[in-house]
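Geometric and topological summary
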Number of protein chains: 2
Amino acid sequence: MKTLEVDLGGRSYPIYIGSGILSQSELYGQHIKGSEVLVVTNETVAPLYLDAVLDQLKAYKTATVILPDGEQHKSLAVLNKIFDALLINKFGRRATLIALGGGVVGDMGGFAAACYQRGIPFIQIPTTLLAQVDSSVGGKTGVNHPLGKNMIGAFYQPQCVIADTDVLATLDDRQLSAGLAEVIKYGLIRDADFFVWLDYNLPALLARDKQTLAFAVERSCINKAQVVAEDETESGVRATLNLGHTFGHAIETGMGYGEYLHGEAVAIGTCQAADLSRHKGWITDDDVEKIIAIFKKARLPVVPPDSLSVEQFLQFMSVDKKNVDGDIRLILLKAIGEASLPVGVDQNLLRLTLETYKG
Amino acid sequence: MKTLEVDLGGRSYPIYIGSGILSQSELYGQHIKGSEVLVVTNETVAPLYLDAVLDQLKAYKTATVILPDGEQHKSLAVLNKIFDALLINKFGRRATLIALGGGVVGDMGGFAAACYQRGIPFIQIPTTLLAQVDSSVGGKTGVNHPLGKNMIGAFYQPQCVIADTDVLATLDDRQLSAGLAEVIKYGLIRDADFFVWLDYNLPALLARDKQTLAFAVERSCINKAQVVAEDETESGVRATLNLGHTFGHAIETGMGYGEYLHGEAVAIGTCQAADLSRHKGWITDDDVEKIIAIFKKARLPVVPPDSLSVEQFLQFMSVDKKNVDGDIRLILLKAIGEASLPVGVDQNLLRLTLETYKG
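Residues numbered from 1 in each chain as written. Chains lettered and ligands numbered in written order. Predicted model: local features only at pLDDT ≥ 70, side-chain atom pairs only at ≥ 80, totals over all residues.

**Here's the deal with the overall build of chain A**
Under the convention used in this document: Only DSSP runs of H or I covering at least 4 residues are called helices, and only runs of E covering at least 2 are called strands; the numbering of each starts at the N terminus. With C-alpha atoms as the basis for the radius of gyration, the globule rule is written as 2.2 Å multiplied by the number of residues raised to the power 0.38. Here exposure depends only on C-beta density: within 10 Å of a residue's C-beta, 20 or more other C-beta atoms make it buried, 12 or fewer make it exposed, and intermediate numbers make it partly exposed, the C-beta atoms being placed from the backbone.
Broken down by element type, chain A carries 13 helices and 13 strands. The C-alpha radius of gyration computed for chain A amounts to 20 Å, which stays within 12% of the reference 21 Å derived for 359 residues, consistent with globular compactness. Principal-axis analysis of the C-alpha atoms gives chain A an extent of 60 × 40 × 35 Å. Counting all 359 residues of chain A, 56% fall into the buried class.

This is the structure:
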């Protein structure tokens, strides 16, 4: 087992990465203070891993909430089911919430923990590649609004992250590829060596080679932890983690949450951001081709949906947390391995990408 | 105008108290950073003060949300109306939210500000006595759940509090008395001199003598600011502000939110807490009589509702943020002017108060 530290002063916490660690009860014991534990999971993950987690929690009073699976359920209404369970069980401020699942479960579980009685401790047990390499680390929690993704939430750090790499074996192919989109992102924004490594190792990752996957998770978490430690609440460099996300969020919101997986939308959005970076003269045609090629190699979509018009893209992109006083600001690439901070974009260049980029 | 400071390091902020200050545009200008302002108010306050506030905001892009009035609307569902307005107007992270109203508007506006895009700045303009002396200061924000009051929320501090004492002139009598319950609380928990002053000055307060009211607001805010500065997130002394609130919350939740005003429920609950403090041998019969008498003098109810059974009280009191691992813990009085920290209570003593205390 590897242990990485997210260095946030009084809110620092460890990320445990390893094979079979979901069943190491001492990891739980170290991070649970009170006597009450609520496990939040979903209908896909529960049959696979809920019993294994509950087996480690026999010393506590436990309860379970099983949410429906999918981004379309990441809403205030479904969040309320978690509060219902906490209150029906009369759980207090010292109760611990465990989020066992992918990004949706982690974001909602974390946000419920942030808000219940104005904050209770929580633990992330990410069960998708995307959650292990990205969403479980760094304390971004929240839910979607019909008018914008992740618009309601909190920065709220977990007590620890338990990333059991064995669970990646049960992931379906589409989910595996979606997670790779965020892995590739770290290469693009700040780790050119990792990009080269990924380009070479993608076949092994898709074949679920255990050691290769474990390395990718670890390297991704190291990158994420460094960025978050530098800028917890996204006043600067943390925004670079949003490469491709403004385009991607427009696709997710515009097509209806759940139609595209988050990682799929990010893959397309990153190709669009790369195309726009080329129009700005920051990267070369060759760079853009390399970027499109690596996402294709990861079996990810690279072409925006035909049914989403340029005007719809602009509409949904105008609601984004990076925007300032109504102006769209984007993360673009200065090179493979180097992202810009949020930059205002010339509307004509943005339209050029939205109108002409087709993969 | 008086300015008090809530001393919370990087989250410190001023409380402005004075006559007519709601119309001092420079107070707004000092605390609004971006170009967008959402004013959240309710249907009772809007006709009285919304225009006066909007008049000070002509330099900004403004929008308004008018919520229904009453504790029964302090819910996740109504909170969503605030998010709707922020998103329909495409307001960004630098937008400022102004909560113009009583405790319900302040708690919901503050919580919406805490969650929108994971946190935007907000300003409190309390328009009830209760909000001026208590709920607008200290950063407790949130909404109710059918199973428990204030169970979903955040600690989130405003940029400033603008307490215009002129607005107390338009308050109805019931709201004025409800505010006095929290004013009396400060005397009981930590300010014996203030208790004596209040006992003498209650007639002037009920007659809305401006200077007397202004002094009561200021002295209350000084007490509140000191307690909050010492213990922002209620790990210790801040819990003393909850004197009478566990009984009171049971009344509010049990009778249906909105049936009793918060201050009314707190008045009854404080008398119950005083009765229980007597059973513990901490205060005298004479103390209890003085406490009941001052609430009566403030035209507040002092007798719990007949229709709420002892078992219902115990049921609702078992869901409380001060409880630990399922045990009810209460703030009690050691003297007039001195509250205890949360203490576990003997079930028999608690039942004795619930069964025998009738005012």
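**What to know about the environment of isoleucine 162 of chain B**
Residue and element names in this part refer to chain B. Here is the rule we go by: We call two residues in contact when their backbone-placed C-beta atoms lie within 7 Å.
Relative to the helices and strands, isoleucine 162 is located in strand β9 (residues 160-164). For isoleucine 162, a count of 26 C-beta atoms within 10 Å translates into the label buried. When the C-alpha positions of isoleucine 162 and leucine 27 are compared, they lie 8.1 Å apart, and in sequence the two are 135 residues distant. Leave out the neighbours within four places in its chain, and isoleucine 162 touches Tyr16, Ile21, Leu22, Leu27, Ile123 and Ile125.

**Quick word on unusual backbone geometry**
Here arginine 299 of chain A, not a glycine, exhibits a phi torsion of approximately 60°, which is positive. When you line up the elements, arginine 299 of chain A lands in the loop between α11 (285-297) and α12 (310-317). Judged by local crowding, arginine 299 of chain A falls into the partly exposed class, with 16 C-beta atoms found within 10 Å. Phi at arginine 208 of chain B is positive, roughly 60°, even though this residue is not glycine. Considering the arrangement of structural elements, one finds arginine 208 of chain B in the loop between α7 (192-206) and α8 (210-230).

**Some details on the packing of helix α3 (residues 76-88) of chain B against helix α4 (residues 103-115) of chain B**
All names here are of chain B. This is how the line gets drawn: Only the stretch in contact is used when fitting a helix axis, every axis being a line fitted to C-alpha atoms; angles between N-to-C directions are given from 0 to 180 degrees. Here the word oblique covers every angle except those under 35 degrees (roughly parallel), over 145 (roughly antiparallel) and from 65 to 115 (roughly perpendicular). Helix crossings get a hand from a simple test, with the near helix turned counterclockwise from the far one by less than a right angle marking a left-handed crossing and a clockwise turn marking a right-handed one. Any residue that is not Ala, Val, Leu, Ile, Met, Phe, Trp, Tyr, Cys, Pro, Asp, Glu, Lys or Arg is counted as polar, Gly included; the first ten are nonpolar and the last four charged.
Between α3 and α4, the shortest axis-to-axis distance is 10 Å and the interhelical angle comes to 55°. With respect to each other, α3 and α4 are oriented oblique. Crossing angle aside, the handedness with which α3 passes α4 is right-handed. Taking contact as the criterion, the partners of Val78, Leu79, Ile82 and Phe83 in α3 are, on α4, Met108, Gly109, Phe111 and Ala112. Tallied by class, the residues present in the contact of α3 with α4 amount to 7 nonpolar, 1 polar and no charged.

**Some remarks on the domain arrangement of chain A**
Residues and elements named next belong to chain A. Heads up, the rule is: What counts as a domain boundary in this text is fixed by an automatic or database domain assignment.
For chain A, the assigned domains read domain 1 (2-170) and domain 2 (173-356). Taking the mean C-alpha position of each, domain 1 and domain 2 sit 25 Å from one another. With 29 residues of domain 1 in contact, the opposing surface of domain 2 contributes 31 residues. Among the elements of the structure, β1 (2-6), β2 (13-18), α5 (129-135) and β8 (148-155) are those that each provide at least two residues to the side of domain 1 that touches domain 2. Per element, the largest residue contribution to the side of domain 1 that touches domain 2 is 5 residues, and it comes from α5.

**Remarks on the sheet that holds strand β4 (residues 61-67) of chain A**
Strand pairing in a sheet relies on backbone hydrogen bonds. The paired strands run either parallel or antiparallel. Residues and elements named next belong to chain A. Put simply, the rule reads: Think of it this way: DSSP has to see at least two bridges between two strands before they count as a pair.
Ordered in space as β1-β2-β9-β6-β5-β3-β4, the 7 strands form an open sheet in which the pairing is mixed. Two strands lie at the open edges of the sheet, namely β1 and β4, each paired on one side alone. Geometrically, the sheet is characterised by an average inter-axis angle of 15° between neighbouring strands, direction not taken into account. Across 2 bridges, the pairing between strand β6 (residues 122-126) and strand β9 (residues 160-164) is parallel. Paired with glutamine 124 across the bridge in β9 is valine 161. On top of the sheet, helix α4 (residues 103-115) reaches β3 (36-42), β4, β5 (96-101) and β6; it is set at about 170° to β5, its chief contact.

**Some details on the confidence of the model for chain A**
The line we're drawing: Confidence of the predictor in every single residue is expressed as pLDDT, which spans 0 to 100.
On average, chain A scores 96 in pLDDT, and the residues at 70 or more come to 100%. Interface confidence in the predicted complex, given as ipTM, is 0.94; pTM for the same model is 0.95.

**Some points on the nonpolar core**
Here is the rule: Here, a nonpolar core means buried Ala, Val, Leu, Ile, Met, Phe, Trp, Tyr and Cys residues linked by C-beta atoms lying within 7 Å of one another.
In terms of nonpolar packing, the biggest core is built from 233 residues, with Val40, Ile98 and Phe295 of chain A together with Val40, Ile98 and Phe295 of chain B touching the most fellow members. Setting aside its immediate chain neighbours within four residues, valine 40 of chain A contacts Val65, Leu67, Ile82, Leu97, Ile98, Ala99, Leu100, Val105 and Gly109 of chain A.

**Observations regarding the interface of chain B and chain A**
Of the residues lining the interface, 33 residues belong to chain B; the matching set on chain A comes to 33 residues. Per-class residue counts for the side of chain B that touches chain A are 14 nonpolar, 12 polar and 7 charged.

**Notes on the environment of asparagine 348 of chain B**
Along the polypeptide, asparagine 348 of chain B turns up in helix α13 (residues 347-356). The spatial distance from the C-alpha of asparagine 348 of chain B to the C-alpha of proline 146 of chain B is 28 Å, given a sequence separation of 202 residues.

**Some thoughts on the packing of helix α6 (residues 173-190) of chain B against α7 of chain B**
Residues and elements named next belong to chain B. Two numbers describe how α6 lies on α7: the axes approach to 7 Å, and their chain directions differ by 155°. The angle between α6 and α7 places the two elements in the roughly antiparallel class. Residues Leu180, Val183, Ile184, Tyr186, Gly187 and Leu188 of α6 form the contact with α7, whose participating residues are Ala192, Phe194, Phe195, Leu198 and Leu205. Classifying every residue of the contact of α6 with α7 gives 10 nonpolar, 1 polar and no charged.

**Remarks on the relation of the copies chain B and chain A**
To keep it simple, the criterion reads: Here the copies are matched by least squares. The fit uses the C-alpha atoms of residues with pLDDT of at least 70 in both.
For the pair chain B and chain A, the superposition axis carries a translation of 0.0 Å, the fit reaches an RMSD of 0.0 Å, and the rotation angle comes to 180°. Taken together, the rotation angle and the small translation identify this as a two-fold axis. Most of the interface of chain B is mirrored in chain A, where 100% of its interface residues are also at the interface.

**Here we look at the pairing of strand β7 (residues 140-145) of chain B**
Residue and element names in this part refer to chain B. The element β7 is extensively covered by neighbouring structure, given that 6 of its 6 residues are classed as buried. Two elements, β7 and strand β8 (residues 148-155), share 5 bridges in a ladder whose sense is antiparallel. For histidine 145, the partnering residue across the bridge sits in β8 and is glycine 148. Counting the residues between successive antiparallel strands, the hairpin from β7 to β8 contains 2 residues.

**Looking at α8 of chain B**
Residue and element names in this part refer to chain B. This is how the line gets drawn: In a helix, the anticipated span is given by 1.5 Å times the number of residues less one.
Taking 1.5 Å of rise per residue, 21 residues should cover 30 Å, and α8 covers 30 Å from first to last C-alpha, within 8% of that figure. Within α8 the residues assigned to the buried category are Leu213, Ala216, Val217, Ser220, Cys221, Asn223, Lys224, Ala225, Val227 and Val228. Residues of α8 that are buried in the fold lie against β1 (2-6), β2 (13-18), α5 (129-135), β9, α6 and α7.

**Concerning the sheet that holds strand β6 (residues 122-126) of chain B**
Residues and elements named next belong to chain B. Taken together, 7 strands build an open sheet; the order of strands is β1-β2-β9-β6-β5-β3-β4 and the sheet is mixed. Sheet topology places β1 and β4 (61-67) at the edges, where each strand pairs with a single neighbour. Across this sheet, the average inter-strand angle for adjacent strands is 15°, counted without regard to direction. Packing of α4 onto the sheet brings it into contact with β3 (36-42), β4, β5 (96-101) and β6, and relative to β5 it is tilted by some 170°.

**Notes on the pairing of β2 of chain B**
Residues and elements named next belong to chain B. Here β1 runs beside β2; their pairing, made up of 5 bridges, is antiparallel. Looking at β2, one finds that threonine 3 is bridged to tyrosine 16. Between β1 and β2, which pair antiparallel in sequence order, lie 6 residues; one of them, glycine 9, sits at a positive phi of approximately 55°. Where β2 lies against β9, 4 bridges are found, and the strand directions are parallel. Bridge pairing in β9 places glycine 18 opposite aspartate 164.

**Notes on the environment of glycine 269 of chain A**
Residue and element names in this part refer to chain A. You can see glycine 269 is positioned in helix α10 (residues 262-279). Taking the C-alpha atoms as reference points, glycine 269 and histidine 249, separated by 20 residues in sequence, lie 8.3 Å from one another. Sequence-distant contacts of glycine 269, that is, excluding residues within four places in its chain, are made with Gly244, His245, Thr246, Phe247, Gly248 and Ile251.

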